[in-house]
Amino acid sequence: MIDVLIIGSGPAGCTAAIYAARTGRSVKIIAGPKYGGQLTITSYVENYPGFVDPISGSVLMDQMRRQAERMQVEIITDSIVSVDFSQRRFISLGESGVSYESKILIVATGANAKWLDLPGEKKYRGSGVSACAVCDGFFFRDKDVAVIGGGNVAVEEAIFLTNFAKTVTLVHRRDKLRAERIMQSRLFENPKIEVMWNTKVVDILGDGNKVTNLQLVNTKSNFEIKKPIDGVFVAIGHKPETSLFKSGQLEIDENGYIVVDKTSTHTSVPGVFAAGDVCNPNYHQAVVSAGQGCMAALDADKFLSANR
């Protein structure tokens, strides 16, 4: 039996662990398939408070891990496949076959990349289609690539890809970007980047082995074109990772996010808290997730104190 079990090892999970350990509670993190979450595939983070110079996402998460371990937090490489909420002591079953019993559960499973759900996207995923420029950008040195999307992630991916690609085309279905203005300025100033406005991807085409073209349509004129391309990076947002919870176990909204109280991190189940992208549809920022992780740990400590 442990006091606090945290599912997820991104900024929310690690910060929750640090603060929970500081309250004197026993804490374990179930890290999932990849420690550090989405931040580990981010090239550079330059807006996290306390770091004057940009820091890579993987280095930032490594520092959070070391800080948590210094607080005697045990970090376990396992993935939770189911949780039993039927008793006051929660039983979380790991993919390894190990069961973890805890008084408190903090869900910080984050979110995963969304896909376009196109036939060619599925066919060529891993053969020219990717959702991670940091992971796969190197393979497109001196190639022509496209990024699909219009938010911060899409703009960041496009800028990063200019380190390798010959040209980068940002394809956006609207006539303006959602990304922060400073990111937009960098995008527009980069001579390697072209933006295709009011353009939707109809399909991703290839020769059977690799990507060769994008099938596009202008959303205003309905004019269709084929654009020769060597690689496609999909950056249209994320969906919360709540698949391990059975229907009705936790209250989840129509978009798949765990519902928490407006002024806290309490979920619909007493003793279960949520933090980060898994419950926050509006602010996908590391500092926000870390702040919610702190809130979850403090909420959990209050709950344990009131329910001894």
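Before any of the text, the structure's been laid out above.
Residues numbered from 1 in each chain as written. Predicted model: local features only at pLDDT ≥ 70, side-chain atom pairs only at ≥ 80, totals over all residues. Heavy atoms only, no water.

Participant: Now, about the nonpolar core: what can you tell me, with residues and values included?
Facilitator: Counting 35 residues, the largest nonpolar core has V4, I6, V27, V73, I104 and I106 as the members making the most contacts within it. Residues contacting I104, with those up to four places away along its chain left out, are D3, V4, L5, F90, G271, F273, A300, F303 and L304. (Core = buried A, V, L, I, M, F, W, Y, C linked by side-chain atoms within 4.5 Å. Buried < 20%, exposed > 50% of the residue type's maximum accessible area, 1.4 Å probe, protein only. Contact = heavy atoms within 4.5 Å.)

Participant: I'd love a proper account of the sheet that holds strand β11 (residues 193–196), names of residues and values included.
Facilitator: The five strands lie next to each other as β8-β15-β9-β10-β11, forming an open sheet whose pairing is parallel. Because the sheet does not close on itself, it has two edges, and the strands there are β8 (129–130) and β11. Pairing geometry for strand β10 (residues 167–171) and β11, over four bridges, is parallel. Residue pairing across strands places L170 opposite V195, the latter belonging to β11. Docked against the sheet, helix α5 (residues 152–161) engages β9 (144–148), β10, β11 and β15 (231–234), running at close to 165° with respect to β9. (Pairing = 2+ DSSP bridges. Helix = DSSP H or I, 4+ residues; strand = E, 2+ residues; numbered from the N terminus. Axes fitted to C-alpha atoms, helices over the stretch in contact; angles between N-to-C directions.)

Participant: Please give an account of the packing of helix α1 (residues 11–22) against helix α2 (residues 57–70) that cites residues and values.
Facilitator: Relative orientation of the contacting elements α1 and α2 amounts to 25°, with a least axis distance of 9 Å. The pairing of α1 with α2 is recorded here as roughly parallel in orientation. For α1 against α2, the interelement crossing comes out left-handed. Residues P11, C14 and I18 of α1 pack against M61, M64, Q67 and A68 of α2. (Parallel < 35°, antiparallel > 145°, perpendicular 65-115°, else oblique. Left-handed = near helix turned anticlockwise from the far one by under 90°.)

Participant: Outline α5, listing residues and values.
Facilitator: Side chains of residues three or four places apart in an α-helix project in the same direction, reflecting 3.6 residues per turn. All buried positions along α5 are accounted for by A154, V155, E157, A158, F160 and L161. Structurally, α5 contributes buried residues whose contacts are with α4 (133–136), β9, β10, α6 (181–189), β11 and β15.

Participant: I'd like to hear about the pattern of salt bridges, residue by residue, with values.
Facilitator: What the rule picks out here adds up to 10 salt bridges. With a shortest N-O distance of 3.3 Å, K103 and D3 are connected by a salt bridge. Here the residue K103 occupies a position in strand β6 (residues 99–107), and D3 occupies one in strand β1 (residues 2–7), the gap between them amounting to 100 residues. Here D62 and R66 are joined by a salt bridge, their closest N and O atoms 3.6 Å apart. Of this pair, D62 and R66 both sit in helix α2, four residues apart, roughly one helical turn. Its relative accessible area of 36% is what places D62 among the partly exposed residues. (Salt bridge = Lys/Arg side-chain N within 4 Å of Asp/Glu carboxyl O.)

Participant: Lay out the side chain of H172 in plain terms, naming residues and giving numbers.
Facilitator: Structurally, H172 is set in the loop between β10 and α6. Taking the relative accessible area as the measure of exposure, H172 reaches 2% and is therefore buried. H172 has contacts with G149, G150, L177, R178, M196, W197, N198 and T199, leaving out every residue within four places of it along the chain.

Participant: Run through the packing of aromatic side chains, naming residues and quoting values.
Facilitator: Throughout the structure, instances matching the rule amount to nine aromatic pairs. Their ring planes at 90° and their centres at 5.6 Å tell us that F85 and F90 sit as a pair that is edge-to-face. Taking the centre distance of 6.1 Å and the plane angle of 75° together, the rings of F138 and F139 count as edge-to-face. On the accessibility criterion, F139 (60% relative accessible area) is exposed. Taken together, the ring pairs connect F138, F139, F160 and F164 into an aromatic cluster. We note R125 situated over the ring of W115; from NZ or CZ to the ring centre the distance is 3.8 Å. (Phe/Tyr/Trp six-rings, centres within 6.5 Å; stacked < 30°, edge-to-face > 60°. Lys NZ or Arg CZ within 6 Å of the ring centre and 35° of its normal.)

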